[in-house]
Amino acid sequence: MPEDRCGAGTFGGRVMLTFMASDSEEEVCDERTSLMSAESPMPRSCQEGRQGLENGEGAAQWRGQESEEDHEEDPDRYVCSGVPGRPPGLEEELTLKYGAKHVIMLFVPVTLCMIVVVATIKSVRFYTEKNGQLIYTPFTEDTSSVGQRFLNSVLNTLIMISVIVIMTIFLVVLYKYRCYKFIHGWLIMSSLMLLFLFTYIYLGEVLKTYNVAMDYPTLFLTVWNFGAVGMVCIHWKGPLVLQQAYLIMISALMALVFIKYLPEWSAWVILGAISVYDLVAVLCPKGPLRMLVETAQERNEPIFPALIYSSAMVWTVGMAKLDPSSQGALQLPYDPEMEEDSCDSLGEPSYPEVFAPPLPGYPGEELEEEEERGVKLGLGDFIFYSVLVGKAAATGSGDWNTTLACFVAILIGLCLTLLLLAVFKKALPALPISITFGLIFYFSTDNLVRPFMDTLASHQLYI
Amino acid sequence: MTAAVFFGCAFVAFGPALALYIFTIATEPLRIIFLIIGKSSEGLKSINPGEKAPSMRLLAYVSGLGFGIMSGVFSFVNTLSDSLGPGTVGIHGDPPQFFLNSAFMTLVIILLHMFWGIVFFDGCEKKKWYTLLVVLLTHLLVSALTFISPYSGLNLVLAYIILVLTGIWAFFVSGGSCQSLKLCLLCQDKDSLLFNQRSR
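Reading the values: rules and limits
Residues numbered from 1 in each chain as written. Chains lettered and ligands numbered in written order. Predicted model: local features only at pLDDT ≥ 70, side-chain atom pairs only at ≥ 80, totals over all residues. Heavy atoms only, no water. UniProt positions renumbered as here; feature names shortened; annotations may be inferred. Core = buried A, V, L, I, M, F, W, Y, C linked by side-chain atoms within 4.5 Å. Buried < 20%, exposed > 50% of the residue type's maximum accessible area, 1.4 Å probe, protein only. Helix = DSSP H or I, 4+ residues; strand = E, 2+ residues; numbered from the N terminus. Contact = heavy atoms within 4.5 Å. Buried area = accessible area lost by both parts, 1.4 Å probe. Salt bridge = Lys/Arg side-chain N within 4 Å of Asp/Glu carboxyl O. Polar contact = N/O pair within 3.5 Å; in protein donor to acceptor, adjacent residues only side chain to side chain. 1 Å grid on protein atoms, 1.4 Å probe; cavity = no way out; pocket = protein on both sides within 12 Å on 5 of 7 lines; lining within 4 Å. Points joined across faces, edges and corners; volume = space filled by probe spheres on them. Nonpolar A, V, L, I, M, F, W, Y, C, P; charged D, E, K, R; others polar. Domains from an automatic or database assignment. Disulfide = S-S within 2.5 Å. Pairing = 2+ DSSP bridges. Axes fitted to C-alpha atoms, helices over the stretch in contact; angles between N-to-C directions. Parallel < 35°, antiparallel > 145°, perpendicular 65-115°, else oblique. Left-handed = near helix turned anticlockwise from the far one by under 90°. Phe/Tyr/Trp six-rings, centres within 6.5 Å; stacked < 30°, edge-to-face > 60°. Lys NZ or Arg CZ within 6 Å of the ring centre and 35° of its normal.

- Within an unreviewed UniProt entry, the label attached to chain B reads Gamma-secretase subunit APH-1, and the organism entered is Delphinapterus leucas.
- Per UniProt, chain B has the following entry under Subcellular location (unreviewed entry): "Membrane".

- Taking an unreviewed UniProt entry as the reference, chain A is identified by name as Presenilin belonging to Delphinapterus leucas.
- According to the UniProt record, the Subunit (unreviewed entry) comment for chain A is "Homodimer."

1. Looking at the nonpolar core
- Judged by nonpolar contacts, the single largest core of 75 residues is most densely connected at Val 110, Phe 258, Tyr 385, Leu 388 and Ile 435 of chain A.
- With 13 residues, the single largest contributor to this core is helix α9 (residues 240-261) of chain A.
- Judged by nonpolar contacts, the second largest core, of 47 residues, contains Ile 25, Val 108, Met 114 and Val 142 of chain B.

2. Let's talk about the interface of chain B and chain A
- Across the contact, 27 residues belong to chain B and 26 residues belong to chain A.
- Buried area between chain B and chain A, summed over both chains or domains, comes out near 2300 Å², and the portion from carbon and sulfur atoms is 70%.
- Where chain B meets chain A, there are zero salt bridges.
- At the surface where chain B touches chain A, the tally comes to seven residue pairs in polar contact (both at pLDDT 80 or more).
- At the level of secondary structure, the elements contributing two or more residues to the side of chain B that touches chain A comprise α2 (29-36), α4 (52-84), α5 (98-125) and α6 (129-148) of chain B.

3. Details of the environment of Glu 264 of chain A
All names here are of chain A.
- Position of Glu 264 relative to the elements: it lies in helix α10 (residues 264-283).
- On the accessibility criterion, Glu 264 (33% relative accessible area) is partly exposed.
- Non-local contacts of Glu 264, meaning those with residues more than four positions away in its chain, are made with Glu 141, Arg 149, Lys 391 and Thr 395.

4. Quick look at the UniProt feature "transmembrane region" (unreviewed entry) in chain A
Residue and element names in this part refer to chain A.
- UniProt records the feature "transmembrane region" (unreviewed entry) for residues 103-121, 154-175, 182-204, 216-234, 241-259, 265-284, 404-424 and 430-449 in the present numbering.
- Secondary structure over residues 154-175 splits into 100% helix and 0% strand, and the C-alpha atoms at its two ends are 31 Å apart.
- Taken end to end, residues 430-449 comprises 95% helix and 0% strand; its first and last C-alpha atoms sit 27 Å apart.

5. Focus on the UniProt feature "transmembrane region" (unreviewed entry) in chain B
Residue and element names in this part refer to chain B.
- In the numbering used here, UniProt assigns the feature "transmembrane region" (unreviewed entry) to residues 59-78, 98-122, 129-148 and 154-173.
- Here residues 59-78 runs as 100% helix and 0% strand, with 29 Å between its end C-alpha atoms.
- Helix makes up 100% of residues 129-148 and strand makes up 0%, while its end C-alpha atoms are separated by 28 Å.

6. Structural notes on the layout of surface pockets
- Here the largest pocket defines a volume of roughly 2200 Å³.
- If you go around the largest pocket, you meet 48 residues; those closest to its centre are Phe 407, Val 408 and Leu 411 of chain A together with Tyr 21 and Met 70 of chain B.
- Listed by contribution, the elements that provide at least two residues to the lining of the largest pocket are α5 (88-123) and α17 (400-424) of chain A together with α1 (3-25), α2 and α4 of chain B.
- For the lining of the largest pocket, a count of residues per class yields 42 nonpolar, six polar and no charged.
- In this structure, the lining of the largest pocket is formed jointly by two domains, domain 1 (1-54) and domain 2 (55-199) of chain B, each of which donates at least three residues.

7. Details of the pattern of salt bridges
- Taken as a whole and judged by the stated rule, the model has four salt bridges over all chains.
- Between Asp 122 of chain B and Lys 126 of chain B there is a salt bridge, with the nearest N and O atoms lying 2.8 Å from each other.

8. Observations concerning the state of the cysteines
Residues and elements named next belong to chain B.
- In this structure the tally under the stated criterion is zero disulfides over all chains.
- Cysteine Cys 178 shares no disulfide, and the gap to the nearest cysteine sulfur, in Cys 184, comes to 13 Å.
- In this structure Cys 178 comes out as exposed when scored by relative accessible area, which is 58%.

9. Notes on the pairing of strand β3 (residues 374-378) of chain A
Residues and elements named next belong to chain A.
- Within β3, five of the five residues are buried, which leaves it mostly tucked inside the rest of the structure.
- Alternating residues of β3 divide into Gly 374, Lys 376 and Gly 378 and Val 375 and Leu 377, and every residue in both groups is buried.
- In this sheet, β3 lies alongside strand β2 (residues 308-310) in antiparallel orientation, the contact comprising three bridges. Bridge pairing in β3 places Ile 308 opposite Gly 378.

10. Re the environment of Phe 23 of chain B
- Note that Phe 23 of chain B resides in helix α1.
- Expressed as a C-alpha distance, the spacing of Phe 23 of chain B and Phe 74 of chain B, which sit 51 residues apart in the sequence, is 23 Å.

11. Examining the packing of helix α6 (residues 146-176) of chain A against helix α7 (residues 180-210) of chain A
Residue and element names in this part refer to chain A.
- α7 packs onto α6 with a crossing angle of 140° between their chain directions and a minimal axis gap of 8 Å. Taken together, the axis directions place α6 and α7 in an arrangement best described as oblique. α6 and α7 meet at a crossing whose hand is left-handed. Between α6 and α7, the residues in contact are Met 167, Phe 170, Leu 171, Leu 174 and Tyr 175 and Tyr 180, Phe 182, Ile 183 and Trp 186, respectively.
- Considered class by class, the residues forming the contact of α6 with α7 number nine nonpolar, no polar and no charged.

12. Digging into the packing of aromatic side chains
- Inspection of every chain in the model, using the stated rule, returns 17 aromatic pairs over all chains.
- Summarising the aromatic geometry, the rings of Tyr 442 of chain A and Phe 443 of chain A are spaced 5.0 Å apart at their centres and angled 75° between planes, so their arrangement reads as edge-to-face.
- Between Phe 171 of chain B and Phe 172 of chain B, the ring centres sit 5.5 Å apart and the planes meet at 70°, which makes this aromatic pair edge-to-face.
- Over the aromatic face of Phe 126 of chain A sits the side chain of Lys 260 of chain A, whose NZ or CZ is 4.0 Å from the ring centroid.
- Sitting above the plane of the Tyr 261 of chain A ring, Lys 260 of chain A keeps its charged end 5.5 Å from the centroid.

13. Some thoughts on the side chain of Thr 146 of chain B
- Of note, Thr 146 of chain B is situated in helix α6.
- Within the structure, Thr 146 of chain B has its side chain in polar contact with the backbone nitrogen of Tyr 462 of chain A (distance 3.2 Å).
- Side-chain polar atoms of Thr 146 of chain B contact the backbone oxygen of Ser 143 of chain B, separated by 2.5 Å.
- Setting aside its immediate chain neighbours within four residues, Thr 146 of chain B contacts Gln 460, Leu 461 and Tyr 462 of chain A together with Met 105 and Asn 155 of chain B.

Dropping the structure here:
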């Protein structure tokens, strides 16, 4: 089934949050230029000040951010530690302010994705109808006894999680052995599937729900344009807002697929299990995601933008294509082997040499493009947050209190995660806190609050 | 029941709260988040010792509004979604203005929560325990009215009277005075609280 392949391709890892500079396909150029621009004017926050870091390790980490892993996996987030010489209180305050800014930058896309999913679930019947299951969850939940059903859901979860773990390990292996073409091809295939096939199905169902007729030529034109522009924006260059919008849409589509094809209890157990997996994979020293991040850091390589949402500005085309004559020093990193050599030293002195020469000759106007250090969130996070809220909206008796409670819980979890990140300055998984809150709120609201509020509302009683 | 009822009731109930949010909170989200995580008072204290009190008032306002919105949303959103669907209101003899009454009641609850928040925080800060008691009792009173009295019109009128009284109380507690009100209404409010808050 197409959903299967897509599922395998797109959601292997997940959530790690990243503080990063701009993210686009002009990877190396952007990293370098963004690093430069952060150095030249006064840094707006301590993270920016880190750019010209004394600490070679910090510099490597900073650069390593760019080389995060690509797709599903969660780019790890590295936030540099304090700049020496600043008063610690101010530093902390700046850090928290920085963290707070990112809370806002992420609230909006996460909210939008959830709104799209909930609106679709509530209006289009197709996504709440039971129509078979994915091959990753082969055990049915139409069993006679509760115990059997629970057992089946646990088995489904085990299978799903092992598929995810295997995919992640496969990805790490591919990345370690530099099979970039394979990874790229995999990503492109997943995006193609999402942008064309799933969009076509979605559009078909929405049109059916609202009883709107559309002829095949129009449909073909619409889907073709949508998909082609999406591929361009996501894998190549495009306006940031458009790229963000497409990433939100494909996350929503993927979440809808999960909501439709995951049986009830399995969905909840899978959500719980994947947060635990995320926690383990990101924080344990031998976790696949951590290893992936470390490998990426060592090589100082940029990330594939296809499956990571970035809130930062991207450089324009003009900026990205730097003048070769003046950027001789910058061309070095393009070559992977040489890049490794230049990066392995990690020593402080090596970097300023690379960056100093182009700086004076750098046209000032181009630097006006606001390089906002953005934050990145893996698309897997969007997907699982939306799955939780969507499932809350789909099950139950059309109750909105549960949906809203889960929505608020997820946002609170995200806020806490981002603030913890700013405080601990270490890569943190974004799923566990939000999903835990979401699950607690879902079950308590659905079983305790809903009957109570229903009775109150029907008699116009206010508390 | 139509979309008109749905939108009308939704805006009656949530319009003022949304407007307050958009015009006062959404424009300075960083400050709000900062307040909530508690760092602002230390940072601001180092700059200007007099800053702490207004921040606390802002926090009281924001948290009161937050509580109010959550309470209002949870009480009213299911009723709102029912108002879109097919049905006839009052078919068994209940008052046909069910939706409108609910919407106005939700509005009064949201605004009351906001005022209670301001007064409550102030009471806690200045250690005026009777304030807390009065807030609690008025809250109980408004809820009990809805439980006991079947006349929704009477409930609404009483609740709005309590709203006005609590609003006046919150206004004076947060530093307003007749003088500042006059200045504000005549648009000569260079020294008014809100103006000062915004310019900081």
